[in-house]
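Geometric and topological summary
Letter by letter, the chains look like this.
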Amino acid sequence: MPSINPVFYREMLLLKKKALRLGYLFSTLLFPLLYLFAFGWGLGSKVRLDGTSYVVFLVPGLLAMTAMNNSFNLSAGSVGMGRLYSRTIQPILTSPVGAYRVVNGYLMAGIVRGIIGSGIVAFAAFLLFGSQVINLSAPAVAGLTLTMAFFSLLGLIVGLLIKDLEDIAVITNFVIMPMAFFSGTFFPLETVPVWLRSLLTLLPLSQVNLLMRSHTFTTPALTAVACLTLFTAGAYAVSAYYLTQFQE
Amino acid sequence: MIRVQGLVKQYGNKPAVHNLDLEIAQGEIFGLLGPNGAGKTTTIRMLTTLSRPDQGSIHIAGLDTVKDRHAVRMLIGVAPQERNLDMELSVQENLSIFAGLYNLDHTQKRIDNCLAQFELQHERHTQVDKLSGGMQRRLLIARALLSQPLVLFLDEPSIGLDPQIRRGIWDQIKVLRNQGVTILLTTHYMDEAEMLCDRIGLMNNGALLVTDTPRNLQITAGSYMVETPQPDGIQRTLCHDRQQAEELASLAAGAILRPASLEDAFIALTGQE
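Residues numbered from 1 in each chain as written. Chains lettered and ligands numbered in written order. Predicted model: local features only at pLDDT ≥ 70, side-chain atom pairs only at ≥ 80, totals over all residues.

Some points on the overall build of chain A
- Across its full length, chain A carries 10 helices and 2 strands.
- Walking chain A from its N terminus toward its C terminus, one meets helices and strands in the order α-α-β-β-α-α-α-α-α-α-α-α.
- Relative to the 2.2 N^0.38 estimate, which gives 18 Å for 248 residues, the radius of gyration of chain A is 18 Å and therefore close to what a compact globule would have.
- In terms of overall dimensions, chain A has C-alpha extents of about 60 × 40 × 35 Å along its principal axes.
- Taking all 248 residues of chain A together, the buried fraction comes to 48%. (Helix = DSSP H or I, 4+ residues; strand = E, 2+ residues; numbered from the N terminus. Rg over C-alpha atoms; globule rule 2.2 N^0.38 Å. Buried ≥ 20, exposed ≤ 12 C-beta atoms within 10 Å, placed from the backbone.)

As for the sheet that holds strand S5 (residues 63-64) of chain B
All names here are of chain B.
- Read from one edge to the other, the open sheet built from 4 strands follows the order S2-S1-S4-S5, with strand pairing classed as antiparallel. Strands at the two margins of the open sheet, each flanked by one partner only, are strand S2 (14-24) and S5.
- Strand direction decides the pairing type here: strand S4 (residues 55-60) and S5, joined by 2 bridges, are antiparallel. Note that in S5 the partner of Ile-60 across the bridge is Leu-63.
- Each of strand S1 (2-11), S2 and S4 touches helix H1 (residues 40-47); the most contacted strand, S2, lies at about 60° to it. (Pairing = 2+ DSSP bridges. Contact = placed C-beta atoms within 7 Å. Axes fitted to C-alpha atoms, helices over the stretch in contact; angles between N-to-C directions.)

With respect to the confidence of the model for chain B
- Counting all residues, the mean pLDDT for chain B is 87, and 99% of those residues have values of 70 or more.
- Both confidence scores are given for the complex: pTM 0.85, ipTM 0.84. (pLDDT = per-residue confidence, 0-100.)

Comments concerning the pairing of strand S3 (residues 29-33) of chain B
All names here are of chain B.
- Counting buried residues along S3, 5 of its 5 residues qualify, which places the element largely inside the surrounding structure.
- Because side chains alternate across S3, one face comprises the buried residues Ile-29, Gly-31 and Leu-33, and the other comprises Phe-30 and Leu-32, equally buried.
- The sheet contact formed by S3 and strand S8 (residues 182-186) spans 4 bridges and is parallel. Considered in S8, the bridge of Gly-31 is made with Leu-185.
- Where S3 lies against strand S9 (residues 199-204), 4 bridges are found, and the strand directions are parallel. Each residue of the ladder has a partner; that of Leu-33, found in S9, is Leu-202.

Next comes the structure, spelled out in structure tokens:
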């Protein structure tokens, strides 16, 4: 075997098999692409925000949302399914591989899947609306990377803690999905009441969306990077803790 | 090789394993038998570091399974009851991942040897879900042996397999014993336990009732079985003495006298069929 992280290697092999299935690709990318077509084409040409096209606002948010969903679902699904259903996680947990290597493996795999998902959506957006909708600035890249890292780790924690596979759907429907809608993906947070805005700004995806639309490291952008780094470090420590404490 | 002292595990208020003491020597095949819910799986989970004891200790080759968890994991191989292989991946890929988890050297040579030992060399590139149940079971054991463990845990190694394939797996287990591997297996098949195990431990309600050789267990429970037809079924009586068994059999028409089996001993000692 190549001398790479075995957990990452396993996840990549599984991803390669799954990626060739049409159903898998559809379930992963259908919603972001639908949003892109519906809101981009439908509203994009009619609505302007701060003097620019709505599409320019929308696409970075959709990329962040896609990265979040893909990274979270890979880890939560793989660990949850492997622990509760196929029990394929147990050989990893009874092997001498350290908890940090396991965390690193899922972290890297989640990042790769986030890159693939958001890459496809970015390519579609580029084809439909041109290069002006893609922001490849340093804050945007940092934001996207931290999104993928944080949500992979969050997925790992969820996968380790859930009692039933349906719990993943509950978390997706009641945490991940609302966060996608209320973190400035589809509309600016400036439009919500002040009391709610301060609450929504604390959400990780709000920080990411701020970075996705930044072109330089301003003070708010640097604060967002610091917050996301803190969230990610916290999630890393928690997931490593749960792995070391794991028992059946 | 394995020393278990005062092992206790509870799930909520329900005791799963209660004050279990056990010693297994190097190169021994030890069978853990018991009815469903007896505590076998919980015991195996603790022995394989997947679960921590509430009380007591487990030492494998002198290493504590809680304090020296990682070192213990290098010494053991586990072939669980469930076929927890990556079904979408090939045989080679499954073994490669496992070799990576154990950071093994000479990976390909080890994989080749394991595949040859379990006659899976022609299935190297076959996706696991395309293998027969028997081949999957052999792959599970091959995977457990990849790191050349000192101790092998086999949880129901031949469950659901054809008699011919079961025999093949038994032969492999005997070969491993001859190589000096210590084996702890759980099984529901009495013939399997009788055929393979040097010693057997009977568990019931979380406790180890008795530990002995299969032959001695039969003698302890009674060497002769008298089956007497009754209106509501068959009454079974174990007898230690042949004369006593013959007398009992002569009292009822249609009574059968036969040598007692390990299964008879199991039922008599655990009180469950």
